[in-house]
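Structural overview
What follows is each chain in one-letter form.
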Amino acid sequence: MISMIMILNQKGDVMISRQYRDDVSRAAADSFRLQVIAAKETGTQAPVKRIENCSFLYTRHLNMYFVALTRSNVNPALVFEYLFQKIRILKAYLGEEFDENSMRNNMTLIYELMDETMDFGYPQNCAVDVLRLYINLGNIRPQDEPEPSQLTSQITGAIDWRREGIKHKRNEVYIDVLESVNLLLSSTGSILRNEVTGQVQMNTKLTGMPECKFGLNDKLVIDREETGQRKPGVEIDDCTFHRCVRLGKFDADRTITFIPPDGEFELMRYRVNDNINLPFRIIPAVQEEHGHTSVSINLKVIANFSDQLFATHVVIKIPVPKNTAKTKCKVLFGRAKYEPEQQAIVWRVKRFPGKAECHINAEVDLMPTVRPKGWSRPPINVEFQVPMFTASGVHVRFLRVYDNPDITRKDGCATSRKRARTRSGFSREKSSLGHTGKT
């Protein structure tokens with residue numbers, strides 16, 4: 001595993017180093033300084049360097065390098081995750097913008113954190129909430145001293161993301177389903193690629209140590225049902241969970257069971273590629289006049305979602321040639337104007353009703369050029385938010401709270417609130433017409 005962790009400044013001087021195995025020496029810092037820092041490879045090359053049979057995996061924070069050294073065949077994702085967690089822990093103790101001076105002034109704290117977060121090259125507990133229970137230096141405020149048995153169970157990893165004894169006057173659970181739609185259209189308007197990436201955000205304010213059970217209308221759950229008619233579901237291609245989720249139960253019966261952290265956290269991420277309900281349909285028509293003196297643009301946008309819903313913060317960016325002199329736009333909804341810094345006509349609509357159609361007509365006058373160049377016609381970008389609408393069809397079927405006597409009484413019943421929202425994603429198109437959408 002990891003043999004040494006080093007923190008270097010922009011000159012390549014070692015500020016802090018901790019050796020976990022004896023197969024590397026501190027002299028390796030000279031090789032890293034000469035072949036990486038002095039060669040100015042950071043930002044242009046991959047953050048993995050092989051020097052003299054030793055692998056250097058590094059990342060940067062401001063002007064400091066966090067470097068992990070190893071001679072074994074490690075999982076690079078694990079090493080980088082540890083480095084990122086290390087920076088996150090130092091931000092919690094030293095501040096978001098900790099620098100070289102704050103590092104030198106807190107040597108004892110940093111060495112103590114390095115010993116607690118790694119043992120013999122294997123990452124250990126990196127949860128700030130658990131570290132703050134017994135390392136109270138820096139900007140971390142000390143909490144009430146826990147019982148030794150309680151502290152031991154949290155350090156050894158039973159449930160390190162939630163401490164015992166949490167109490168709330170009102171028990172509430174908020175669920176947000178956020179989706180980003182990525183769309184790629186051809187010059188004829190046919191869909192070449194579309195996908196939805198979503199995430200389930202939760203904000204829990206529950207007393208004690210509750211166990212929650214969460215269910216979506218995904219096909220993975222419905223395929224397990226052998227009796228009765230199956231309701232139409234959504235097939236989730238891949239998903240990742242917060243570490244509080246019990247993966248054993250998910251593999252067994254496809255139910256998401258977990259003891260949630262207190263406060264806001266991301267429960268899961270998922271991706272859907274099939275049967276996507278696109279919120280908007282864009283029909284463009286771009287015509288270049290002879291002589292390359294003007295361009296005529298006609299664009300129609302149709303909202304495919306229910307008329308009971310509406311989209312907010314809709315921004316449609318229609319690219320124009322670089323030699324544009326002036327434009328004349330006609331719209332019935334919102335405002336449209338030419339913004340030279342973006343080389344596009346920006347059409348803003350604060351509120352776009354469902355099932356509505358909006359049109360824009362634009363005449364673009366071009367400046368004459370000595371050597372006319374063809375217009376590459378970049379894609380049209382659309383940014384938006386649609387509350388209470390999911391393009392993939394994913395919705396929360398249920399959320400149940402178990403095994404918590406503190407919130408089963410009448411005066412402490414839990415309240416859950418669910419929301420959904422679809423927002424813009426990212427797309428590109430390479431067709432000759434250039435009328436795709438960022439939806």
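Residues numbered from 1 in each chain as written. Predicted model: local features only at pLDDT ≥ 70, side-chain atom pairs only at ≥ 80, totals over all residues. Heavy atoms only, no water.

**Some details on the nonpolar core**
Here is the rule we go by: Only buried Ala, Val, Leu, Ile, Met, Phe, Trp, Tyr and Cys residues count toward a nonpolar core, and they belong to the same one when joined by side-chain atoms within 4.5 Å. Each residue is assigned to one of three classes by its accessible area relative to the maximum for its type, calculated with a 1.4 Å probe on protein chains only: buried under 20%, partly exposed between the two thresholds, exposed over 50%. Each helix is a run of DSSP H or I of at least 4 residues and each strand a run of E of at least 2, with the numbering of both proceeding from the N terminus. Working rule for contacts: check all heavy atoms of both residues, and any pair within 4.5 Å makes them a contact.
Of all hydrophobic cores here, the largest spans 36 residues; its most connected members are Phe280, Leu299, Phe305, Val314, Ile316 and Phe352. Counting only elements with at least two residues in this core, the list comes to β8 (172–185), β14 (280–288), β15 (294–303), β16 (310–319), β19 (344–353), β20 (357–366) and β21 (381–387). Not counting residues within four places of it along the chain, the set of residues in contact with leucine 299 comprises Ile282, Ile283, Pro284, Ile316, Ile318, Cys358, His359, Ile360 and Ile380.

**Considering the pairing of β16**
Operational definition: If DSSP finds at least two bridges between two strands, the strands pair.
In terms of burial, β16 is a largely internal element, seven of the 10 residues being buried. Pairing of β16 with β19 involves nine bridges; the strand directions are antiparallel. Within the sheet, the bridge partner assigned to valine 314 lies in β19 and is valine 349. Note that β16 and β21 share four bridges and pair antiparallel. Considered in β21, the bridge of valine 315 is made with glutamate 383.

**Quick notes on the sheet that holds strand β3 (residues 48–51)**
Just so we agree on the cut-off: Axis definition: a line fit to C-alpha positions, over the contact stretch in the case of helices; interaxial angles, taken between N-to-C directions, run 0 to 180 degrees.
On the basis of which strands lie adjacent, the open sheet formed by five strands has the order β2-β1-β5-β4-β3 and antiparallel pairing. The sheet is open, and its two borders are formed by β2 (14–19) and β3, each paired with just one other strand. Between one strand axis and the next, the sheet turns through 20 degrees on average, direction left out of account. In terms of strand pairing, strand β1 (residues 4–8) meets strand β5 (residues 64–70) through five bridges, oriented antiparallel. Note that in β5 the partner of methionine 6 across the bridge is valine 67. Its contacts with the sheet put helix α1 (residues 28–37) on β1, β2, β3, β4 (54–61) and β5, and the angle it makes with β3 is roughly 120 degrees. Taken strand by strand, helix α4 (residues 107–117) contacts β1 and β2, and its axis lies near 30 degrees from that of β2.

**Describing α4**
This is how the line gets drawn: It is the directions from the helix axis to the C-beta atoms that the arc portrays.
By the burial criterion, the buried members of α4 are Leu109, Ile110, Leu113, Met114 and Thr117. Each buried residue of α4 lies within a common arc of 135 degrees when the element is viewed along its axis, so the set occupies one face.

**As for the pattern of salt bridges**
Two side chains carrying opposite charge are able to pair once their charged atoms lie near each other. Stated formally: Each reported salt bridge corresponds to a side-chain nitrogen of Lys or Arg within 4 Å of a carboxyl oxygen of Asp or Glu.
Scanning the entire structure with this criterion turns up 10 salt bridges. Its salt-bridge partner being glutamate 211, residue arginine 246 comes within 3.4 Å of it at the nearest N-O pair. With arginine 246 in the loop between β11 (238–241) and α8 (247–253) and glutamate 211 in strand β10 (residues 211–216), this residue pair connects regions lying 35 residues apart in the sequence. The network of salt bridges with common partners includes Glu195, Asp238 and Arg271.

**Section: helix α2 (residues 76–94)**
In an α-helix, one turn spans 3.6 residues; hence positions three or four apart end up facing the same way. For clarity, the threshold we go by: What a helix is expected to span follows from its residue count: subtract one and scale by 1.5 Å. Any pair of N or O atoms that falls within 3.5 Å is considered a polar contact. Within protein, one atom must be able to donate a hydrogen and the other to accept it, and sequence-neighbouring residues count only if both atoms are side-chain atoms.
When the terminal C-alpha atoms of α2 are compared, their 27 Å separation across 19 residues agrees well with the 27 Å that a helix rising 1.5 Å per residue should span. Looking at where α2 begins, the residue whose side-chain oxygen comes 3.1 Å from the main-chain nitrogen of alanine 77 is asparagine 75. Count one or two residues on from α2 and you reach glycine 95, which has phi positive near 105 degrees.

**Concerning the environment of phenylalanine 258**
Counting through the fold element by element, phenylalanine 258 comes out in strand β12 (residues 256–258). When the C-alpha atoms of phenylalanine 258 and lysine 213 are compared, they prove to be 6.6 Å apart, with 45 residues separating the residues in sequence.

**Looking at the packing of aromatic side chains**
The condition is simple: Between 30 and 60 degrees the pair is tilted, below 30 it is stacked and above 60 it is edge-to-face, where a pair is any two Phe, Tyr or Trp rings, Trp via its six-membered ring, whose centres lie within 6.5 Å. In this scheme, Lys NZ or Arg CZ marks a charge over a ring once it lies within 6 Å of the ring centre and within 35 degrees of the ring normal.
In this structure the tally under the stated criterion is nine aromatic pairs. Relative to phenylalanine 352, the ring of phenylalanine 280 lies with its centre 5.2 Å away and its plane at 80 degrees, an arrangement referred to as edge-to-face. With phenylalanine 280 in strand β14 and phenylalanine 352 in strand β19, this pair connects stretches of sequence that are 72 residues apart. As far as the burial class goes, phenylalanine 280 and phenylalanine 352 line up, both buried. By the ring-pair criterion, three or more aromatic residues cluster together here, those being Phe280, Phe305, Phe352, Phe384 and Phe389. One Lys or Arg, arginine 21, reaches over the ring of phenylalanine 120 and ends 4.2 Å from the middle of that ring. The aromatic ring of phenylalanine 310 is capped on one face by arginine 351, whose charged end is 3.6 Å from the ring centroid.

**A look at the sheet that holds β12**
The strand order across the open sheet built from three strands is β12-β10-β22, with neighbouring strands paired in antiparallel fashion. Every interior strand has two partners, whereas the edge strands, β12 and β22 (396–402), have only one. Going across the sheet, the axis of each strand differs from the next one's by a mean of 15 degrees, ignoring polarity. By the bridge criterion, three bridges tie β10 to β12 in an arrangement that is antiparallel. Residue pairing across strands places lysine 213 opposite threonine 257, the latter belonging to β12.

**Concerning the environment of phenylalanine 214**
Turning to its location among the elements, phenylalanine 214 is positioned in strand β10. Residues phenylalanine 214 and phenylalanine 398, 184 residues apart in the sequence, show an inter-C-alpha distance of 6.0 Å. Apart from the residues lying within four places of it in its own chain, the contact partners of phenylalanine 214 are Ile175, Val200, Thr255, Ile256, Phe258, Leu267, Val396, Phe398 and Leu399.

**Details of the environment of threonine 257**
Note on placement: threonine 257 falls in strand β12. The contacts of threonine 257, once residues within four sequence positions are left out, are Glu211, Cys212, Lys213, Cys244, Val245, Arg246 and Lys249.

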